Amino acid sequence: MRCKPSLFSAIATSMIILAIAPPISARPASPAMRLQTWKISQQESPPLPQTAALIYVAPRANPNGDGSPNNPYPSISSALATKPIAGTVIQLTQGVYSAETGESFPIRLPAGVTLRGEPSVRGINTFINGGGKFISPSFASQNITVLAENDARIEGITLTNPNTRGTAVWIESGKRVAIANNTFTNSDREGLFLTGTADAIVSENVFKKNGANGLSAVGSSTGEIRNNIFESTGFGLAIGQKSRVNVSNNNILNNTDGVIISNLSAPTLRNNLISDNKRNGIVILKDRKGYPTPDLGTSTNLGKNIFRNNLEKDLNNNSGVTQVAVGNELDPKKVAGDIAFVGESPTAPAPQITSSSIVSSIPPTLRSSVPNNNLDNSPSTVDTVEITRSPQPNFTVPITPPKALPPSSSSIFVEPLPDVPQPVTPKESSWKSSPSSLASSLPYPKSSTPLTNRAQDANDILSDRDPIPAIPPQQIIPPRSQYIASDTTSPTLPSNPSPSPSTIPPTYTQPLQIPYNARIAALVPQPAIDKFPYLVIIPSSDEESLLRVRSVVTSAKIIPSRFGNIIMVQGYPDRDRAEVLKNIMRSEIGLDARVVHQNSL
């Protein structure tokens, strides 16, 4: 009975509250409730994903798979055909993903999508093997396995492209791309290629036994290359054009050369172990005056790169520019070229020559005969870095170079192969007599339009990776001859004690002797396999040029071609190494080397 008053009291209190409070229907709905009501009313339309979608793929699974764990898609291509949105993770089960299992190459990884295998073991049981044709805006026809777009991620996969010129992963101007915990192995050319304005983080990967390079960074690529292993490859890393990647905390081991730096690139190298390479640890190739300009350490930011047991040189600076390298562990006896071991900042690039300075170097009376190209009155669309020839204060009319033949219809040339130069005798000329030859000889950069959407076949040639000013054809000077007077006592010369004035005395040419240059020869890349589709040639056939080439590449020889006799320097299975040798021939030997495909000769 003592509980009844409490029960009645509670009931009375509830009735008072209900009487005072307005009915719920009379109050406006809160924003949260309105949002919930909208969601309920829109259930027929799929809502935006709040978390990353996870879809599954297994090679040769059910052709009607739906991407669930128990019913995965049968191929990566099938999963991508569903057009996954940004944030989607494509989870691969163990196995081999190839054309035989239904893959269509190249695999185009959309923006924001992750392709994942086994990150904890770097994909040792998850393989993607194969490649397909890709038309690159930078380098024309390519054969690649995966093309990664903005914000894409690849992790935990073993990637291989065994096709000719095959590259496993290609990043063409993709931003914020992550490549992590993968294995890149046995590709015909390289594991990873960064070009255009690519910006990527490449970490915790293994690059092993690729045909040309473990990683190539060209174009204006940037990003971080850190905590990777590069081993048993031609070049561990090849960094060129205008790339400015940061290379840190990597193990670069047992390659032919550890790192090749060329063109106008300016990479930063910190805390790398560069060891047991068969030739050089780091090679800096000569390009334009004042380039390249890598950051190998300064007094305020030490390099801390460790060089050990490299067979020839730890640091081989062949650029002709003093490079600053402070705070690295290396053998001073294994350093070639000019190296400064103190310095507050890296080597500064050479000053750029603008188009206005070129025009100002032309005499005013001749400017009217030279094509304007908007150099005087409007901003130039040409990158001024490419213009590197210094204006000549005393300009002389050059010898007109041989007429260039057009390239083959089945080939792509940035630089057409000219006729073989023949000895010429310069003629006296005046400024007024040859305005056309003057205009053609001015150092205007060649315009280059990216080759896109062009039908190509397996014999296509890659476009040149960087427009390098060609050394102009030089007047060929015959070898010096020495007249030896006849001697009746000499058993080797004909006896002619009194030659008549009309008789032309015999001349004997002293053979040229050009010693073997071991320093430059050490920079020449060695062929990887016994197939040479890419040839480094010299459009000349004179003896002196051949001897100059043989001072570096002893196997060079003169071969016939549709352009006449030319010097074949050396052949390579990939274009990358051929480009390196071409640059060496131009910068060190002074010959106008070209890279052509063997089918073009």
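Residues numbered from 1 in each chain as written. Predicted model: local features only at pLDDT ≥ 70, side-chain atom pairs only at ≥ 80, totals over all residues. Heavy atoms only, no water.

1. Looking at the overall build of the protein
In terms of regular secondary structure, the protein is built from 8 helices and 37 strands. Looking at the protein residue by residue over its 601 residues, the buried ones come to 46%. At a minimum sequence separation of 6, the contacts of the protein that also span at least 24 residues come to 62%. Here the protein displays about 30300 Å² of accessible surface, and carbon together with sulfur accounts for 55% of that area. (Helix = DSSP H or I, 4+ residues; strand = E, 2+ residues; numbered from the N terminus. Buried < 20%, exposed > 50% of the residue type's maximum accessible area, 1.4 Å probe, protein only. Contact = heavy atoms within 4.5 Å. Areas by Shrake-Rupley, 256 points an atom, 1.4 Å probe, with all protein chains shown as cover.)

2. A word on the pairing of strand β20 (residues 235–239)
With respect to burial, β20 is a largely interior element, 5 of its 5 residues being buried. Pairing between β20 and strand β23 (residues 257–261): 4 bridges, direction parallel. Along β23, the bridge assignment pairs A238 with I260. (Pairing = 2+ DSSP bridges.)

3. Considering the nonpolar core
Buried together is how nonpolar side chains tend to be arranged in soluble globular proteins. In terms of nonpolar packing, the biggest core is built from 55 residues, with I128, I171 and I282 touching the most fellow members. Other than its neighbours up to four places away in sequence, I282 contacts V259, I261, L269, I274, L296, F307, D314, L315 and N316. Core analysis: the second largest hydrophobic core is formed by 28 residues, L546, A556, V580 and V595 among them. (Core = buried A, V, L, I, M, F, W, Y, C linked by side-chain atoms within 4.5 Å.)

4. Looking at the sheet that holds strand β34 (residues 534–538)
Ordered by their spatial adjacency, 4 strands build an open sheet running β35-β36-β34-β37, and the pairing between neighbours is antiparallel. The open sheet has two free edges, formed respectively by β35 (557–559) and β37 (594–597), since each of these has just one partner strand. Each strand axis lies, on average, 50 degrees off the axis of its neighbour in the sheet, ignoring direction. Bridge analysis of β34 against strand β36 (residues 566–572) gives 5 bridges, and the strand direction is antiparallel. If you follow V536 over to β36, its bridge partner there is Q570. Where helix α7 (residues 543–550) meets the sheet, it contacts β34, β35 and β36, and its direction lies at approximately 25 degrees from that of β36. (Axes fitted to C-alpha atoms, helices over the stretch in contact; angles between N-to-C directions.)

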